[in-house]
Amino acid sequence: MAPRILVFGTGSVGAVYAWVLSQTIPATSITTICRSNYDQASKDGFAIDSTIWGNNLKFKPVVARTVAEAAEKSDQPFDHVLVCSKALNTTPSTAELIKPAISETTAIVLIQNGIGIEDEYARVYPNNPLISTLTYLPVTQVSPAVIQHREVELLHAGTYPADAPSPSKDAAKKFVDLLTAAGATAVLHDDVQEERWAKLLVNVAWNPVCALTRCRDRAFINTNNKVLPFIKDVMMEVCSVAQAYGYDNVNEQLAHHHIGRAYRRDLPGVQPSMMADTLAGREMEVDAIIGNVVKRARAKGVAVPLLRTIYLLVNGLNASFAVGNP
Ligand SMILES: NC(=O)C1=CN([C@@H]2O[C@H](COP(=O)(O)OP(=O)(O)OC[C@H]3O[C@@H](n4cnc5c(N)ncnc54)[C@H](OP(=O)(O)O)[C@@H]3O)[C@@H](O)[C@H]2O)C=CC1
Ligand SMILES: CC(C)(CO)C(=O)C(=O)O
């Protein structure tokens with residue numbers, strides 16, 4: 001029988017992975033939880049333009065407003081619940097919100113940026129397979145249920161914790177195999193935390209500056225010849241924290257690799273998710289992406305003056321959305 005999939009948070013990333021899975025799993029076995037895009041998604045489904053997979057990709061999964069409604073609609077327990085909402089500190093937490101969909105064997109798959117995002121799920125579901133993933137997938141929901149994707153698709157996955165028991169390791173492999181069979185690129189790791197740190201170089205450096213300046217990454221580079229040295233200094237601070245935790249491959253060479261990717265992009269470049277949030281006046285993942293790095297730096301006595309500055313600025317920007325127009 002086809003695996004049953006639930007996607008919680010079907011915005012930019014969630015819609016793309018739901019579509020990917022629909023290449024091997026019937027759309028009737030994929031349920032998407034939608035909020036602001038519910039009307040459009042339930043009426044016409046999703047439409048994706050991708051520079052990799054092609055334009056005008058349409059698909060219509062099952063659409064529900066809440067996890068309770070999704071669980072009621074499904075005649076079988078869900079095999080995989082994909083959490084593709086932003087990693088935010090909400091009340092109730094997202095871990096609590098997905099409860100109606102979690103059976104004894106459901107694998108919980110986090111497809112989110114940041115570091116230290118798994119703890120709440122591990123606390124609420126100590127016996128379920130928990131799969132931590134991150135993806136290189138520049139995507140933007142340009143209007144409700146209409147998504148644009150460009151340039152790259154690469155997901156890294158592994159269990160949380162890294163030394164999880166074999167049923168969790170099997171579930172992680174199964175998920176990676178599902179994506180691969182559907183035509184996506186997914187890599188399984190014994191310890192995916194190294195890849196989380198590696199991607200933080202990109203997200204800590206570019207997401208806040210693009211949000212604060214409202215310039216896409218490549219366009220920001222063109223504003224001043226000091227931009228690239230600054231971005232490198234920010235990345236090197238993240239490297240020093242990662243190395244303090246034993247991830248020595250998160251280093252200067254990797255920083256150069258990531259900087260080169262942005263530099264080679266056509267203008268105006270990509271719109272990081274934090275910039276999309278700012279333009280929409282939506283809460284940004286300030287703690288998951290920056291605050292948790294600053295905390296980890298403090299715990300190891302690593303100096304991160306640039307990260308502390310960026311954290312305060314972007315945290316202030318976040319707060320401004322809550323109070324409305326200044
Ligand atoms: N966009 C990108 O290019 C990339 C993003 N990422 C990461 O992927 C994750 C997802 O990002 P992204 O797809 O951009 O985010 P989006 O904001 O595009 O999508 C998140 C979706 O979650 C929905 N949602 C949040 N809370 C709830 C809730 N309680 N009930 C129902 N729906 C809910 C939102 O609904 P609503 O619209 O109503 O708020 C929205 O549709 C983040 O961790 C991000 O950092 C990783 C790689 C690239
Ligand atoms: C920078 C990017 C697009 C890389 O995939 C990303 O992770 C984000 O927008 O948060």
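Below or above, wherever it landed, is the structure these notes cover. (Residues numbered from 1 in each chain as written. Chains lettered and ligands numbered in written order. Predicted model: local features only at pLDDT ≥ 70, side-chain atom pairs only at ≥ 80, totals over all residues. Heavy atoms only, no water.)

**Topic: the layout of surface pockets**
Part 1 of the reasoning: Roughly 530 Å³ of internal volume is contained in the second largest pocket.
Part 2 of the reasoning: Of all the elements, helix H12 (residues 286–300) adds the most residues to the lining of the second largest pocket, at 6 residues.
Part 3 of the reasoning: Tallied by class, the residues present in the lining of the second largest pocket amount to 8 nonpolar, 10 polar and 9 charged.
Part 4 of the reasoning: Here the lining of the second largest pocket gathers at least three residues from each of two domains, domain 1 (5–190) and domain 2 (194–323). (1 Å grid on protein atoms, 1.4 Å probe; cavity = no way out; pocket = protein on both sides within 12 Å on 5 of 7 lines; lining within 4 Å. Points joined across faces, edges and corners; volume = space filled by probe spheres on them. Helix = DSSP H or I, 4+ residues; strand = E, 2+ residues; numbered from the N terminus. Nonpolar A, V, L, I, M, F, W, Y, C, P; charged D, E, K, R; others polar. Domains from an automatic or database assignment.)

**Examining the site of ligand 1**
Part 1 of the reasoning: Near ligand 1 you find 23 residues, and of these Ser12, Val13, Ser36, Asn113 and Glu285 are the closest.
Part 2 of the reasoning: The backbone of Val13 places a nitrogen or oxygen atom 2.8 Å from an oxygen atom of ligand 1.
Part 3 of the reasoning: Contacts to ligand 1 include Val139, whose backbone N or O atom sits 3.0 Å from a nitrogen atom.
Part 4 of the reasoning: Protein contact buries 87% of the 890 Å² of open area that ligand 1 shows by itself.
Part 5 of the reasoning: Of the residues that constitute the shell around ligand 1, the class distribution is 9 nonpolar, 10 polar and 4 charged.
Part 6 of the reasoning: When residues are assigned to domains, the shell around ligand 1 turns out to be shared by domain 1 (5–190) and domain 2 (194–323), each giving three or more. (Near = heavy atom within 4 Å. Polar contact = N/O pair within 3.5 Å; in protein donor to acceptor, adjacent residues only side chain to side chain. Areas by Shrake-Rupley, 256 points an atom, 1.4 Å probe, with all protein chains shown as cover.)

**A short note on the side chain of Thr133**
Part 1 of the reasoning: Looking at the secondary structure, you find Thr133 in strand S8 (residues 130–136).
Part 2 of the reasoning: The class for Thr133 is buried, based on a relative accessible area of 0%.
Part 3 of the reasoning: Not counting the four nearest positions on each side in its chain, Thr133 is found in contact with Val109, Leu110, Ile111, Gln112, Leu155, His156, Ala157, Phe175 and Arg196. (Buried < 20%, exposed > 50% of the residue type's maximum accessible area, 1.4 Å probe, protein only. Contact = heavy atoms within 4.5 Å.)

**Here's the deal with the site of ligand 2**
Part 1 of the reasoning: As a structural note, the neighbourhood of ligand 2 is formed by Asn113, Thr135, Tyr136, Leu137, Pro138, Lys199, Val202, Asn203, Asn207, Pro272 and Ser273.
Part 2 of the reasoning: Contact between ligand 2 and Leu137: an oxygen atom at 3.1 Å from a main-chain N or O atom of the residue.
Part 3 of the reasoning: In the model, an oxygen atom of ligand 2 is placed 2.5 Å from a nitrogen or oxygen of the Lys199 side chain.
Part 4 of the reasoning: Relative to its unbound accessible surface of 290 Å², ligand 2 loses 91% to contact with the protein.
Part 5 of the reasoning: Breaking the shell around ligand 2 down by element, the ones donating at least two residues are S8 and helix H7 (193–213).
Part 6 of the reasoning: For the shell around ligand 2, the leading source of residues is H7, giving 4 residues.
Part 7 of the reasoning: Mapped onto the domain boundaries, the shell around ligand 2 takes at least three residues apiece from domain 1 (5–190) and domain 2 (194–323).

In short, shape yes, function no, at least from these values alone.
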